[in-house]
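One letter stands for each residue in the lines below.
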Amino acid sequence: MNNFIVRTLSAIVYAVLVIGSIVLQPLCFGGHPLLFGVLFMIISSLAVREFHVLSGADVRQQSMAMIANALLFSTLYFLFYGDMVWHSLLLAYVAVMLYALIMQLFRKNDNAIQSWGNLCAGQIMVALPFALMNGVIMHNKFLLLALFILIWANDSGAYIVGSLTAKLPKGNHKMFPRVSPAKSWEGLIGGFVFDLVAGYVFYRIGWTADMGLVNSLIFALVVGVFGTLGDLMESLFKRTLGVKDSGRFMPGHGGVLDRFDSLLLATPVVYFLFIYFANYIR
């Protein structure tokens, strides 16, 4: 099948699943967004697995990291909705993490410091951002949807403007050639413009109306800035390891990390800036 068709179909399925899980909640219990919770627990576990596969972890270490991720995601899922079961899940998460760390004592010919570092990095850089999405959707499901759309708008704007300016006689100005040769400063500005337009639209249709127009535009820029940084960080990670894609989960698009890399920094910043400190920015 033509690669363009494969990429298009894959992107459509991806978008439908993400948008549907956020907006439509045919399966709920106690007011919890069950559809979102199940889908993103699976997605986050696959992302954590990809991170550890690329880091050179064996199957046992990958499995422990995925279990820890599922427990962390579940902990914050129930915590944000006020279900006291989160206490037990948090204890289980701590127990799994301690077990994974202590088990290095019984492994031979292994770099313990590297294994410990990879485990903790995977939880902080990958598992935690996905888990914090629970706080965003609990506050306002349309804010989480806006977060995804802003990432997509930024990618589209950067690609369109970057491609057009690359055709100029002198080309465009590259941002970090050693990390991501295709990214340019012109594309970065194009992505920000697309984000600002999207931020204004979100305000007008009421998704971010409680923030006010100024904070809606700031929200859009914040997502653009940290989404770009998250993308660059994942590019640096892959370039350091000498791989093109983080995996083959999405035909024509690479792995899970390749699709969600921009959210790994943007989600925590959005959570803490626009939800945790919400009373200060309205």
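Let me sum up the structure you'll find in this document.

About the cut-offs
Residues numbered from 1 in each chain as written. Predicted model: local features only at pLDDT ≥ 70, side-chain atom pairs only at ≥ 80, totals over all residues. Heavy atoms only, no water. Salt bridge = Lys/Arg side-chain N within 4 Å of Asp/Glu carboxyl O. Helix = DSSP H or I, 4+ residues; strand = E, 2+ residues; numbered from the N terminus. Axes fitted to C-alpha atoms, helices over the stretch in contact; angles between N-to-C directions. Parallel < 35°, antiparallel > 145°, perpendicular 65-115°, else oblique. Left-handed = near helix turned anticlockwise from the far one by under 90°. Contact = heavy atoms within 4.5 Å. Nonpolar A, V, L, I, M, F, W, Y, C, P; charged D, E, K, R; others polar. Phe/Tyr/Trp six-rings, centres within 6.5 Å; stacked < 30°, edge-to-face > 60°. Buried < 20%, exposed > 50% of the residue type's maximum accessible area, 1.4 Å probe, protein only.

Moving on, we come to the pattern of salt bridges. Close approach of charged atoms allows side chains of opposite charge to pair. Throughout the structure, instances matching the rule amount to three salt bridges. Measuring nitrogen to oxygen at the nearest pair gives 3.0 Å for the salt bridge that ties Asp 231 to Lys 183. A residue pair is termed long-range when its members are at least 10 positions apart, and Asp 231 in helix α8 (residues 213-241) and Lys 183 in the loop between α6 (141-166) and α7 (185-205) qualify at 48 residues. Put simply, Glu 234, Lys 238 and Asp 258 are held in one network by salt bridges that share partners.

Direction vectors running N to C along helix α2 (residues 34-54) and helix α5 (residues 112-139) enclose 160°, while the axes themselves pass 10 Å from each other. One finds that α2 runs roughly antiparallel with respect to α5. With respect to the hand of their crossing, α2 and α5 are arranged in right-handed fashion. Listed contacts from α5 to Phe 36, Phe 40, Ile 43, Ser 44, Ala 47, Val 48, Phe 51 and His 52 of α2 are Asn 118, Leu 119, Ala 121, Gly 122, Gln 123, Val 126, Ala 127, Phe 130, Met 133, Asn 134 and Ile 137. Counted by class, the contact of α2 with α5 contains 13 nonpolar, six polar and no charged residues.

Okay, the packing of aromatic side chains next. One pass over the full model with this rule turns up 17 aromatic pairs. Between Tyr 14 and Phe 260, the ring centres sit 5.6 Å apart and the planes meet at 90°, which makes this aromatic pair edge-to-face. With Tyr 14 in helix α1 (residues 3-23) and Phe 260 in helix α9 (residues 256-260), this residue pair connects regions lying 246 residues apart in the sequence. Relative to Phe 78, the ring of Tyr 77 has its centre 5.1 Å away and its plane inclined at 85°; by these criteria the two rings are edge-to-face. Each of the two residues, Tyr 77 as well as Phe 78, counts as buried. Through successive ring pairs, a cluster of aromatic residues spans Tyr 14, Phe 36, Phe 40, Phe 73, Phe 130, Phe 148, Trp 152 and Phe 260.

The geometry of α5 relative to α6 is characterised by a closest axis approach of 4 Å and an angle of 125° between their N-to-C directions. In terms of axis orientation, α5 runs oblique to α6. Contacts between α5 and α6 pair Met 133, Val 136, Ile 137 and His 139 from the former with Lys 141, Leu 143, Leu 144 and Phe 148 from the latter. Grouping the amino acids of the contact of α5 with α6 by side-chain chemistry returns six nonpolar, one polar and one charged.

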